[in-house]
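The chain contents come next:
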Amino acid sequence: MKVGLQPLLNDGNLDATQSTSQRQLEISVSAVPGEFVENVPLNLCLILDHSGSMNGRPLETVKQAAGQLVDKLKSGDRLSVIMFDHRAKVLVANQTIEDRKKIKDQINQLKADGGTAIDEGLRLGIEEMAKGKKDAISQAFLLTDGENEHGDNEKCLKLAQLAAGYKLTLNSLGFGVHWNQDVLEKIADAGSGTLSYIEKPEQAVDAFGRLFNRIQSVGLTNAYLLFSLMPKVRLAELKPIAQVFPDTIELPVQPEGDKFSVRLGDLMTAQQRVILANLYIGQMPEGEQTLANLQVRYDDPVQGKEGLLSEVFPVTGNFVQNYQPNLNPQVQKSILALAKYRQTQIAETKLQQGDRTGAATMLQTAAKTALQMGDKGAATVLQTSATRLQEGQELSEADRKKTRIVSKTILQSDS
């Protein structure tokens, strides 16, 4: 398994007569399988809310979805299950998959009761997952339908950052319409995972299945993108780097010696991570010039090796005297994806400040951006929310959640 990386500038030509040029650099990163199919064991932890509000169909569908995951796990894979209400308890201790029936019987004993303390569930989940993380792909599915009323939201974020430090990936699943979007999104973003929205109970099995397929294609873990910029090249000062696919996330940048590093998390074979960096480039002589060198540091669980370095991938630009713009349509689509996300965030801030007109205008702008990039589903959701605000209506919890989700990923609630 090795790293595949493709850098693309939104315009590979630069004006040799200009003192500074701005460019967006798209970087697609994935794990590339070798000649032989390498099987990496999974270390999966399910952190499941069984509070009173999950009573009836919600909890039954979650138990069904969890049971199907048990059947999909291979021998040699590991599983742990945590249940939480206002307390948390280990339901299935971290173990290799042997007696599937016994594990499913334990899951089926779950009954709805009590309040919600997400941080307690997270803490126990991280402890159990850490027991089986050696030479495995460690991922957690955190599912809740409620606010963290018995817990501490700041503690949730600290635990997510701790999980990333332990090389564990956290995915969050919001069930129904009353969960706290800010908390679950921050957990998934800090834990290098993804946020899923299960609006109706019957979507639980599909949501779990989609997420499981995604983690099955992980080939390399704990990946960091390393930037080595040439003397006349610098990153933008404000929000210089974001991931735009499969989810849009603002990525924190850390200086590392004479380089910059950005944590990507796990690399998949079936899906690329697409990163967008905002660069300012100083004047250089005519011709092809190197702007940056990119490298990926990663762990290979098959080989049991950590801190491996990929080959160096150079980024070049062509400086010309008679500059004519030559925009790359693929990178333009990534730029639009990030714009859609940021425009929706501005709309949300305006709505929180009571500026409904401003929020509606920004949502309309985001809808047009979504249309430009061919994301018709997002355009419909964003425009519907804009229209409701313009007509003086309130946005329901479901409207707000769909609006936020389509700003950062592709909505799949109707599958």
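Cut-off values and rules
Residues numbered from 1 in each chain as written. Predicted model: local features only at pLDDT ≥ 70, side-chain atom pairs only at ≥ 80, totals over all residues. Heavy atoms only, no water. Salt bridge = Lys/Arg side-chain N within 4 Å of Asp/Glu carboxyl O. Helix = DSSP H or I, 4+ residues; strand = E, 2+ residues; numbered from the N terminus. Buried < 20%, exposed > 50% of the residue type's maximum accessible area, 1.4 Å probe, protein only. Phe/Tyr/Trp six-rings, centres within 6.5 Å; stacked < 30°, edge-to-face > 60°. Expected span 1.5 Å × (residues − 1). Contact = heavy atoms within 4.5 Å. Pairing = 2+ DSSP bridges. Axes fitted to C-alpha atoms, helices over the stretch in contact; angles between N-to-C directions. Polar contact = N/O pair within 3.5 Å; in protein donor to acceptor, adjacent residues only side chain to side chain. Parallel < 35°, antiparallel > 145°, perpendicular 65-115°, else oblique. Left-handed = near helix turned anticlockwise from the far one by under 90°. Nonpolar A, V, L, I, M, F, W, Y, C, P; charged D, E, K, R; others polar.

1. Considering the pattern of salt bridges
(1) Moving on: This model, assessed by the stated rule, comprises 26 salt bridges.
(2) Moving on: Linking E120 and K155 is a salt bridge whose minimum nitrogen-to-oxygen distance equals 3.4 Å. Note that E120 is positioned in helix α3 (residues 118-131) and K155 in helix α4 (residues 153-165), a separation of 35 residues in sequence.
(3) Moving on: Assessed through its relative accessible area of 23%, E120 is described here as partly exposed.
(4) Moving on: Accessibility expressed as a relative area gives 32% for K155, which makes it partly exposed.
(5) Moving on: Here E185 makes a salt bridge to K408, at a shortest N to O gap of 3.4 Å. Of this pair, E185 sits in helix α5 (residues 181-190) while K408 sits in helix α10 (residues 397-408), and the two are 223 residues apart along the sequence. Each member of the pair, E185 together with K408, is buried.
(6) Moving on: When salt bridges with common partners are traced through the structure, they connect D182, E185, D189, E348, R404 and K408 into a single cluster.

2. Regarding the packing of aromatic side chains
(1) Moving on: Counted under the stated rule, the structure contains 2 aromatic pairs.
(2) Moving on: Residues F141 and F208 carry aromatic rings whose centres are separated by 5.8 Å and whose planes lie at 85° to one another, so their mutual orientation is edge-to-face. Here F208 lies in helix α6 (residues 204-216) and F141 lies in strand β7 (residues 137-144), a separation of 67 residues in the sequence.
(3) Moving on: Its relative accessible area of 0% is what places F141 among the buried residues.
(4) Moving on: Taking relative accessible area as the criterion, F208 reaches 0% and is therefore assigned buried.

3. Here we look at helix α1 (residues 57-72)
(1) Moving on: Across its 16 residues, α1 extends 23 Å between first and last C-alpha, which sits within 8% of the 22 Å expected from 1.5 Å per residue.
(2) Moving on: Among all positions of α1, only P58, L59, T61, V62, K63, A65, A66, G67, L69 and V70 are buried.
(3) Moving on: For α1, the secondary structure elements touched by its buried residues are β4 (42-49), β5 (78-84), α2 (100-108), β7, β8 (169-175) and α6.

4. Considerations on the sheet that holds β8
(1) Moving on: Reading across from one edge, β6-β5-β4-β7-β8-β9 is the order of the 6 strands in this open sheet, with mixed pairing throughout. The open sheet has two free edges, formed respectively by β6 (88-96) and β9 (195-198), since each of these has just one partner strand. For this sheet the average axis-to-axis angle between neighbouring strands, irrespective of direction, equals 15°.
(2) Moving on: As judged from the 6 bridges shared by β5 and β6, these two strands associate in the antiparallel manner. Counted as the bridge partner of R78 is T96 from β6.
(3) Moving on: Docked against the sheet, α1 engages β4, β5, β7 and β8, running at close to 170° with respect to β4.

5. A short note on the pairing of strand β18 (residues 305-309)
(1) Moving on: The sheet contact formed by strand β17 (residues 287-300) and β18 spans 3 bridges and is antiparallel. Its bridge partner being in β18, Y298 is matched across the sheet by L308.
(2) Moving on: Taking the residues that link successive antiparallel strands as the turn, the β17-β18 hairpin has 4 residues, and the phi of G304 there is positive, at about 70°.

6. Observations regarding the environment of K259
(1) Moving on: For K259, the location among the structural elements is in strand β15 (residues 259-268).
(2) Moving on: By relative accessible area, which is 28% here, K259 ends up partly exposed.
(3) Moving on: Spatially, the C-alpha atom of K259 lies 15 Å from that of V315, the residues being 56 residues apart in sequence.
(4) Moving on: Leaving out residues up to four positions away in the same chain, K259 has contacts with L226, F227, S228 and Q254.

7. Some details on the environment of R263
(1) Moving on: Mapping R263 onto the fold places it in strand β15.
(2) Moving on: As for R263 and R78, which are separated by 185 residues in sequence, their C-alpha atoms are 25 Å apart.
(3) Moving on: If we ignore the near neighbours within four places in the chain, the residues touching R263 are A164, K167, S192, N222, A223, Y224 and L251.
(4) Moving on: Among the polar contacts listed, one links the side chain of R263 to the side chain of S192, at a separation of 2.7 Å.
(5) Moving on: A distance of 3.1 Å separates the side chain of R263 from the side chain of N222, its partner in a polar contact.

8. Examining the packing of α3 against α4
(1) Moving on: With their axes 9 Å apart at the nearest point, α3 and α4 run at an angle of 15° to one another. For the element pair α3 / α4, the angle class is roughly parallel. Crossing of α3 against α4: the hand is left-handed. Contacts from I118, D119, E120, L122, R123 and I126 of α3 reach α4 at K155, C156, L159 and A163.
(2) Moving on: For the contact of α3 with α4, the residue count by class is 6 nonpolar, no polar and 4 charged.

9. Points about α6
(1) Moving on: The end-to-end C-alpha distance of α6 is 18 Å, a good match for the 18 Å that 13 residues give at a rise of 1.5 Å each.
(2) Moving on: Listing the buried residues of α6 in full gives A204, A207, F208, G209, L211, F212, R214 and I215.

So yeah, pure geometry; function would need other evidence.
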